[in-house]
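A look at the structure
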Amino acid sequence: MAGFKIVTDSTADLPKDYIEQNQLGVMVLPYIVEGVSYGIDKEMDVKDFYNKMRGGMMPTTSQVNPESAREYLEGYLEESREILVMSFSSGLSGTYNSACVAAQEIMAERDDCKIIVVDTLCASLGEGLLVYKAVELRKQGKSLEETAEWVESHKLNLVHVFTVDDLFNLHRGGRVSKATAIVGTLASIKPLLHVDNEGHLIAVGKVRGRKKSLHSLVDMMEQRIGSYRDKNDCFFISHGDSQEDAEYVRDLVRERFGIESCIINYVGPTIGAHSGPGTIALFFLGDYR
């Protein structure tokens, strides 16, 4: 490993083996299911989590507070005196601000370390793909500053396009009205969404039927990829317990764009609490979000 540590959040939804292989630090955002707190000291099986959601369970989530962020960073400073923190979108959580506060406090007290905190303005494996790019730069021998600069200058090229299977989860999160959720569900309307330049979830369209919504994700990739068409060496897909649909989208992308390398993983409970079962999200580099 090069001379700096990369730290991200549990919201990056990266596979555990990838995290371990690349010695990534992870700040965990807790979630509560039926009055029990998970995430930090114990995990709920992700399939059980989604099955409970299908049964009507309503989980709640919280951000990493400044005290917890400081604990994480002080622990990681024992491994490296230089840390790059790649944080969950400030448009969706206060975790980025907590990491900034913690980093500033630590560096004010000691002059033997450097911590750079980046607001990725990304979520789920969009955040994960940006972390992946930072890891590759570290492998190439890039410095902390060089890697942070690349991430800052390219984070708005990290495109998120996704669809959800249940409009009522978006209604509970304040994204659509109850009337829209009811009518859309009856008509099998599937919303198409993305993450904008401020890191917010924004609806950008709707189609009728699940299969069409999956094809539309790849169509949206066609619209946004632009000059990055030959620069994507991989793409990522996250899902809300919909492995077959994730593989279907993977195969569509491979067929249309010829990009073979792909990581597929679950949307973790922190984001899944809001997006719900059946979510399919596609991530890649493009000219615009």
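Notes on the structure follow. Since the structure is predicted, the reported quantities are computational estimates derived from the model, not experimental observations.

Cut-offs used in this document
- Residues numbered from 1 in each chain as written.
- Predicted model: local features only at pLDDT ≥ 70, side-chain atom pairs only at ≥ 80, totals over all residues.
- Heavy atoms only, no water.
- 1 Å grid on protein atoms, 1.4 Å probe; cavity = no way out; pocket = protein on both sides within 12 Å on 5 of 7 lines; lining within 4 Å.
- Points joined across faces, edges and corners; volume = space filled by probe spheres on them.
- Helix = DSSP H or I, 4+ residues; strand = E, 2+ residues; numbered from the N terminus.
- Nonpolar A, V, L, I, M, F, W, Y, C, P; charged D, E, K, R; others polar.
- Domains from an automatic or database assignment.
- Core = buried A, V, L, I, M, F, W, Y, C linked by side-chain atoms within 4.5 Å.
- Buried < 20%, exposed > 50% of the residue type's maximum accessible area, 1.4 Å probe, protein only.
- Contact = heavy atoms within 4.5 Å.
- Axes fitted to C-alpha atoms, helices over the stretch in contact; angles between N-to-C directions.
- Parallel < 35°, antiparallel > 145°, perpendicular 65-115°, else oblique.
- Left-handed = near helix turned anticlockwise from the far one by under 90°.

What follows covers the layout of surface pockets. Here the largest pocket defines a volume of roughly 640 Å³. For the largest pocket, the lining is made up of 25 residues, of which S10, L14, K16, E43 and P269 are closest to its centre. Contributing elements (two or more residues each) for the lining of the largest pocket: strand 1 (5-9), helix 1 (16-21), strand 12 (262-266) and helix 11 (269-275). The element best represented in the lining of the largest pocket is helix 1, accounting for three residues. Grouping the amino acids of the lining of the largest pocket by side-chain chemistry returns 12 nonpolar, seven polar and six charged. Split by domain, the lining of the largest pocket shows at least three residues from each of two domains, domain 1 (5-155) and domain 2 (157-285).

Below, the discussion takes up the nonpolar core. In this structure, L14, F49, V85, I115, F236, I237 and L282 are the most contacted members of the largest nonpolar core, which totals 90 residues. At seven residues, helix 5 (residues 124-139) tops the list of elements feeding residues into this core. Both of domain 1 (5-155) and domain 2 (157-285) provide at least three residues apiece to this core. If we ignore the near neighbours within four places in the chain, the residues touching L282 are V159, H160, V161, L217, V218, M221, F235, F236, I237, V249 and V253.

Attention now goes to the packing of helix 9 (residues 210-225) against helix 10 (residues 243-257). Viewed as axis vectors pointing N to C, helix 9 and helix 10 meet at an angle of 40°, and their least axial separation amounts to 10 Å. Judged by the inter-axis angle, helix 9 sits oblique to helix 10. As helix 9 packs across helix 10, the resulting crossing turns out to be right-handed. Contact residues: R210, K211, L214, H215, V218, D219, M221, E222 and I225 in helix 9; D245, Y248, V249, L252, V253, R256 and F257 in helix 10. Tallied by class, residues from the contact of helix 9 with helix 10 come to nine nonpolar, one polar and six charged.

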